[in-house]
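Report on the structure
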Amino acid sequence: MKYTSDIKSYMKQIMTDRLPPSQIAHFKLNRIGLHTLNHTNSIEWSSELKDSTAMYLHEKCTPKRLGLRNSVDVDEFSPLYLRYFQESMLGALGKIIVNSALEIYPTPLHTYGAVYEGVASTKIGVGTVDLNHLNDSETGEHVESIRLDFLLHSLGLHHEIDSFYSFQKMLESGKLSAVLSPRAIVQLGLSSIFIPNAIGETDANSRNIILFKDPESGLYDIVTRIDAEANTYLNDAFRQRSGKKQIPKGIFGPNEEQELFLSTIKHRDIKIDWDLFAGFTSIAKALCSRTNIDNAISRAYMNNSGKLITNPWETPSPYALSYDSDAFFDFSEKTIDRAGRFFDNVDNAIGYAKRIPPFSEPNSKYGNIAVSESTARRYIQQKFDMKGRSIDR
């Protein structure tokens with residue numbers, strides 16, 4: 001087994017671009033640049049949500065599940081989840097744009113702004129592929145997936161990772177390494193704590209993380225973030241009435257005041273593995289570089305209104321300027337600036353610490369977890385008939 005001894009090979013192992021595009025990418029765009037869904041190209045299916053009453057009184061939301069008609073074979077459909085927003089048009093467009101932050105994460109999730117012209121009403125939201133129905137591109141076999149909160153609950157752990165310390169304790173218990181590969185553990189720390197803190201996401205809860213299992217090892221190997229609409233870019237939720245900034249996933253708890261967060265880092269509380277914290281910080285900083293963030297948001301733009309061809313004979317939509325290249329660029333620049341300030345503050349507080357990428361070499365404290373070189377094949381979307389029955393052969 002060859003461990004990732006240099007940063008370039010390490011980053012190649014941690015960044016896993018495996019998820020497929022959606023059939024919606026080929027659909028017509030309206031005057032704003034939203035993908036148009038209606039009875040001619042899609043059909044409503046029932047959502048597939050597991051019973052979560054053991055953890056919550058009710059689900060936070062129930063996205064709409066649609067079957068998208070294949071442009072070549074009209075009897076073949078691809079599933080899509082549409083998370084729609086009960087907002088004004090401008091508010092909905094803003095949430096679609098900030099969801100493009102999901103392209104920044106180690107396993108990018110492609111998002112599509114969509115307008116669904118249903119029978120009763122028109123809904124605007126973000127569409128993504130159905131992550132429960134993916135196949136391995138080479139073997140054609142179904143890829144098993146699970147939501148993070150269900151996985152943690154099944155392990156006898158708290159269903160939420162609400163701080164770095166809670167994540168560290170889960171690692172020390174050995175329960176995570178029993179079901180997650182080293183790569184997935186690193187992706188989980190980045191996706192649940194370090195990247196959301198840096199780019200201003202305020203709701204990176206366990207319901208918003210999906211894990212995919214590697215059939216050969218039997219371990220969950222890939223982690224994907226979903227749903228990134230709660231962001232300080234839209235709503236300055238980091239500020240309490242006192243005006244003090246908060247960090248969503250603090251050192252010891254959720255929503256820690258930034259002053260306390262940085263003070264705890266500076267004074268090195270002995271309960272915290274600061275080398276591990278510094279290692280995760282260094283990788284998150286690399287993923288949140290200007291180049292990576294700009295490229296990620298640019299990809300999202302090109303998947304959406306960047307494909308819009310303006311018709312000179314058609315009256316421009318008054319909302320188009322809120323969903324054009326300037327709008328995506330503004331979000332990108334604000335995210336880059338925020339991440340830069342965040343890492344400057346954290347690096348200054350850390351001071352001297354080993355900046356070794358997490359688990360790039362065996363560490364006995366955590367059961368000798370170590371990221372090693374391994375392949376990562378792409379996934380493809382399963383196909384269904386109009387009634388939602390799988391037709392994959």
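Preceding this paragraph is the structure being described.
The rules we used
Residues numbered from 1 in each chain as written. Predicted model: local features only at pLDDT ≥ 70, side-chain atom pairs only at ≥ 80, totals over all residues. Heavy atoms only, no water. Pairing = 2+ DSSP bridges. Helix = DSSP H or I, 4+ residues; strand = E, 2+ residues; numbered from the N terminus. Axes fitted to C-alpha atoms, helices over the stretch in contact; angles between N-to-C directions. Buried < 20%, exposed > 50% of the residue type's maximum accessible area, 1.4 Å probe, protein only. Parallel < 35°, antiparallel > 145°, perpendicular 65-115°, else oblique. Left-handed = near helix turned anticlockwise from the far one by under 90°. Contact = heavy atoms within 4.5 Å. Nonpolar A, V, L, I, M, F, W, Y, C, P; charged D, E, K, R; others polar.

We now examine the sheet that holds strand β8 (residues 145-147). Read across the sheet, 3 strands follow the order β8-β9-β10 without closing on themselves; strand pairing throughout is antiparallel. Only two strands of the sheet have a single neighbouring strand rather than two, namely β8 and β10 (220-225). Ignoring strand direction, the axes of neighbouring strands in this sheet form an average angle of 25°. Sheet topology note: the β8/strand β9 (residues 209-213) ladder contains 3 bridges and is antiparallel.

What follows covers the pairing of β9. Most of β9 is tucked away, with 4 of its 5 residues classed as buried. Pairing of β9 with β10, which is carried by 5 bridges, proceeds in the antiparallel orientation. Of the residues in β10, the one forming a bridge with Leu211 is Val223. Between β9 and β10, which pair antiparallel in sequence order, lie 6 residues; one of them, Gly218, sits at a positive phi of approximately 80°.

With that settled, consider the packing of helix α7 (residues 274-287) against helix α9 (residues 325-350). It is at 11 Å that the axes of α7 and α9 come closest, and there the two elements cross at 155°. Between α7 and α9, the angle falls in the class roughly antiparallel. In the packing of α7 onto α9, the handedness of the crossing is left-handed. Residue-level contacts link Phe277, Ala278, Thr281, Ala284 and Lys285 of α7 to Phe343, Val346, Asp347 and Ile350 of α9. Residues of the contact of α7 with α9, tallied by class, amount to 6 nonpolar, 1 polar and 2 charged.

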